[in-house]
Amino acid sequence: MLKQWRTAGKKEFEIEEFKRLLDMPDYYTPSHIDKNVLKPVMHEMPKFFKNLKVKKVKANTRGTPVKSYLFTWQAEKTGEWVKDKFMSLDEWTEKNSSNELPDVSLHNWLEEE
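Read on for an overview of the structure. (Residues numbered from 1 in each chain as written. Predicted model: local features only at pLDDT ≥ 70, side-chain atom pairs only at ≥ 80, totals over all residues. Heavy atoms only, no water.)

So, the overall build of the protein chain
- Each helix and strand counted, the protein chain has three helices and three strands in total.
- Counting helices and strands in the order they occur from the N terminus, the protein chain gives β-α-α-β-β-α.
- For 113 residues, the compact-globule formula gives about 13 Å, and the C-alpha radius of gyration of the protein chain, at 27 Å, lies well above that figure.
- Expressed as lengths along the three principal axes of its C-alpha atoms, the size of the protein chain is roughly 90 × 45 × 25 Å.
- Expressed as a percentage of the 113 residues in the protein chain, the buried residues total 19%.
- Restricting the contact set of the protein chain to residue pairs at least 6 apart, pairs at least 24 apart contribute 46%.
- Summing over all exposed atoms, the protein chain offers an accessible surface of approximately 10200 Å²; the carbon and sulfur share of this is 52%.
- The averaged location of the 19 negative side-chain charges in the protein chain is 23 Å from the averaged location of its 20 positive side-chain charges. (Helix = DSSP H or I, 4+ residues; strand = E, 2+ residues; numbered from the N terminus. Rg over C-alpha atoms; globule rule 2.2 N^0.38 Å. Buried < 20%, exposed > 50% of the residue type's maximum accessible area, 1.4 Å probe, protein only. Contact = heavy atoms within 4.5 Å. Areas by Shrake-Rupley, 256 points an atom, 1.4 Å probe, with all protein chains shown as cover. Lys, Arg positive; Asp, Glu negative; His and termini not counted. Charge placed at Lys NZ, Arg CZ, Asp CG, Glu CD.)

Next comes the structure, spelled out in structure tokens:
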């Protein structure tokens, strides 16, 4: 899901959305998420994202509950936009429309001995 945001370099997931997207049980607390979800993620995902980090965003209320998780990484650079990089449909049909069929020699299997 982070690959959708690869050029942005960050994505924040609210805790309820995060649990729903990863199909976690409702009883998972932030400590369960740290141990069972984030630890394996931080072990495997840095292969695909440079400088991947996870930050817990906490609410400024009593007990400082975790409000969301902020994933940050080095954004991927995309190339310059090249106008008319691909052929239009009209150009393609003109190039590929030939009324001549290629000369193919056929083997007659019925006359073979």
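That shown, we press on.
Some remarks on the packing of aromatic side chains
- Applying the stated criterion to the full structure yields six aromatic pairs.
- With centroids separated by 5.8 Å and ring planes inclined at 80°, the aromatic side chains of phenylalanine 13 and phenylalanine 71 adopt a geometry described as edge-to-face. Pair noted here: phenylalanine 13 is in strand β1 (residues 10-14) and phenylalanine 71 is in strand β3 (residues 66-72), with a separation of 58 residues, a long-range link.
- Of the residues examined, phenylalanine 71 reaches a relative accessible area of 3% and is grouped as buried.
- An aromatic cluster is built from Phe13, Phe18, Tyr69 and Phe71, whose rings are joined through pairwise contacts.
- Lying across the ring of phenylalanine 49, lysine 3 places its NZ or CZ 5.3 Å from the centre.
- Positioned over the ring face of phenylalanine 13 is lysine 11, at 5.3 Å from the centre of the ring. (Phe/Tyr/Trp six-rings, centres within 6.5 Å; stacked < 30°, edge-to-face > 60°. Lys NZ or Arg CZ within 6 Å of the ring centre and 35° of its normal.)

Focus on the pairing of β3
- In terms of burial, β3 is largely enclosed, as five of its seven residues are buried.
- When β1 meets β3, the two strands line up antiparallel, connected through five bridges. Bridging across to β3, lysine 10 finds its partner in threonine 72.
- The pairing of strand β2 (residues 53-58) with β3 spans six bridges and is classified as antiparallel. Looking across to β3, one finds that lysine 55 is bridged to leucine 70. (Pairing = 2+ DSSP bridges.)

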